[in-house]
Amino acid sequence: MDWHSFLVISHVIGAVFGAGGATMAEVFSIKALKDGVINETENDFLKTIYFFIRLGLFILILSGFGLLLLYRMEGVAPETIYTDNFIAKLLIVLVIIFNPLLVQAKIISYSVSSPLSLVSWYAALILGAWRTLDASFFSIVGVYLAAVLIAVFAVKYFYEPRVKN
Amino acid sequence: MNPALKINLIVHIVVGLIAVAAFYAVLVNLLKSRLNFFSLRFFSLAGVIGIFLSWFTGGYYYAVYYGQAVKPIIKKSGYPWIHDVLMEAKEHVFLFLPFLAIVLALAIWFLESEILADEKLKRYLILTAGAAFVLGLFIVLMGMAISGAANIKSG
Amino acid sequence: MNKKTTIIKAFIRGAVAAVLTITLLTVAADLYGPLKDLLKQLFSHHWIGKGAAAIFVFLAVGFGGWIFRREAGDGSAGVARGLKILFWSTIFSAIVVFGFFVWEFLR
């Protein structure tokens, strides 16, 4: 197996852990909060899932930089790498990185952080897979922000009131 | 670039990323309501080791190769500011990080009871870890731009 | 307990001194050629010289504070104060370094 294949596979595994983990975290949170309380067992499951999300993020970033390094060594022109799609994906990965910090520091609530995480992971996954996407940086970020707002709105105004009742 | 320099560059980037990830982990762990000092000690030590390894490997690459082989390419490209601003800032701000890492590790390893008892101490430890992480992140991003610029075809 | 905090405070002061030394040398060496040449002469590269100077200052201030410490320290409050100074010195220095190179590029 050559380095490129190894790094791409690692990158995909990172995305799977991250996006899959974020999905499972959302699903398990909804199930756990059906009785209004997250008990010790449910908390333990969620902690395990968060561990895999963080592991996925670490693998994603390390393999991503591995790919950039490989392109650097092979003399690939930067215009073919640093496309609008790539820069938008990078911005979204930064959101994924800062999200846990903001919620731990109580700057944003869990009801904002959770949908933000889910939308961000899927946005990064889609942008990574959709290499032929021909859209400007601002169009991509605009759609991403709209998706985040819809997700946060859905959690705050449809899901949370049902749980509280 | 000869194999030794390639290895240096790879190690510089990998251990640098590990160090920044370690600062992130210290920051996240310090922000929790219940502190896990096993994790804190592990990650703070990883940060120190990672940043020192990144320093020495990156320093070797910079001193021996970058100046002669990469800098002229970037300076001749349409983006000379990538060296004149980003690289210059990166190479000097990077020098702050080993000292921040040592201070974080010393406090975490030897002041557990003080950190648990003193909210102010914990708060400033968080800020210091935050500074190490954010500066490390900027350095990583600047490194990406510099690496990209190194492959710009001139003319 | 006070001995531990006093020693760590000394190394925090060392870190502050190192950060400020790096910033000062960065600006001064770029504005005053002979200083840059001196660093290059002594350490084969100006950047290596800055790193070496920072290490020296850190160790000198850190160990100096440890050896010549007063027994009655101010405990964790002193460490917190030291970290506050370190945090703000780092931020200030990073802005100065970045701003300086932007200024140099534009002039």
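Please read all numbers here as calculations on a predicted model, not as lab measurements.

## Considering the interface of chain A and chain B
Across the contact, 23 residues belong to chain A and 27 residues belong to chain B. Buried surface at the junction of chain A and chain B, summed over both partners, amounts to about 2,300 Å²; 76% is from carbon and sulfur atoms. Our count for the chain A to chain B interface comes out at three residue pairs in polar contact (both at pLDDT 80 or more). Taken together, the elements giving at least two residues each to the side of chain A that touches chain B come down to α2 (40–74) and α4 (84–104) of chain A. Here the side of chain A that touches chain B takes nine residues from α2(A), the largest share from any one element. In terms of residue class, the side of chain A that touches chain B is made up of 20 nonpolar, two polar and one charged.

## Some points on helix α6 (residues 119–149) of chain B
All names here are of chain B. With 31 residues, α6 should reach 45 Å at 1.5 Å per residue; the first-to-last C-alpha distance of 45 Å fits that figure. Burial of α6 is extensive: 22 of the 31 residues sit out of reach of the surface. Where α6 starts, the residue carrying a side-chain oxygen 3.0 Å from the main-chain nitrogen of Lys120 turns out to be Asp118.

## A short note on the environment of B:Ile108
All names here are of chain B. Turning to its location among the elements, Ile108 is positioned in helix α4 (residues 97–110). The exposure class assigned to Ile108 is buried, which follows from its relative accessible area of 0%. Along the backbone, Ile108 and Leu30 are 78 residues apart, and their C-alpha atoms lie at a distance of 9.8 Å. Apart from the residues lying within four places of it in its own chain, the contact partners of Ile108 are Val26, Phe37, Leu40, Arg41, Ser44, Ile115 and Leu125.

## Digging into unusual backbone geometry
The phi dihedral of A:Lys106 is positive, around 60°, even though this residue is not glycine. Its identity is not glycine, yet C:Ser44 carries a phi of approximately 70°, on the positive side. Mapped onto the fold, C:Ser44 is located in the loop between α2 (33–43) and α3 (46–67).

## Details of the confidence of the model for chain A
Summarising the model, chain A shows a mean pLDDT of 90, and 97% of its residues fall at 70 or more. When mean pLDDT is compared element by element in chain A, α4(A) scores highest at 95, while helix α3 (residues 78–81) of chain A scores lowest at 83.

## Observations concerning the interface of chain B and chain C
Of the residues lining the interface, 34 residues belong to chain B; the matching set on chain C comes to 38 residues. Our count for the contact surface shared by chain B and chain C stands at one salt bridge. Between C:Lys4 and B:Glu114 there is a salt bridge, with the nearest N and O atoms lying 3.9 Å from each other. Going through the elements one at a time, α2 (37–76), α3 (81–93), α4 and α6 of chain B are the ones with two or more residues in the side of chain B that touches chain C. With nine residues, α3(B) is the largest single contributor of residues to the side of chain B that touches chain C. Of the residues in the side of chain B that touches chain C, the class split is 25 nonpolar, three polar and six charged.

The rules behind each value
- For every chain, the first residue of the written sequence is number 1, and numbering continues from 1 onward in sequence order.
- All chains are assigned letters beginning at A, and all ligands numbers beginning at 1, according to the order in which they are written.
- Local features in this predicted model are restricted to residues of pLDDT 70 or higher, and side-chain atom pairs are both shown and tallied only at a pLDDT of 80 or more, whereas totals for entire chains, interfaces and linings draw on every residue.
- As a rule here, side-chain values cover all heavy atoms of the structure and leave hydrogens and water aside.
- By definition, residues are in contact when any of their heavy atoms lie within 4.5 Å.
- Summed over both partners, buried area is the accessible surface (1.4 Å probe) that two parts give up on being assembled.
- Any N or O atom pair separated by 3.5 Å or less is treated as a polar contact, with the protein-specific requirement of one donor-capable and one acceptor-capable atom, and with residues adjacent in sequence counted only for side-chain atom pairs.
- Put simply, DSSP marks the helices as runs of H or I at least four residues long and the strands as runs of E at least two long, and each gets a number from the N terminus on.
- Side-chain classes are defined by residue name, with Ala, Val, Leu, Ile, Met, Phe, Trp, Tyr, Cys and Pro counting as nonpolar, Asp, Glu, Lys and Arg as charged, and the others, Gly among them, as polar.
- A helix's residues, less one, multiplied by 1.5 Å, set its expected span.
- When a residue's accessible area, from a 1.4 Å probe over protein chains only, is under 20% of the maximum for its type it is buried; when over 50% it is exposed; and in between it is partly exposed.
- pLDDT runs from 0 to 100 and stands for how confident the predictor is about each residue.
- Between Lys or Arg on one side and Asp or Glu on the other, a salt bridge is scored when a side-chain nitrogen of the former is within 4 Å of a carboxyl oxygen of the latter.

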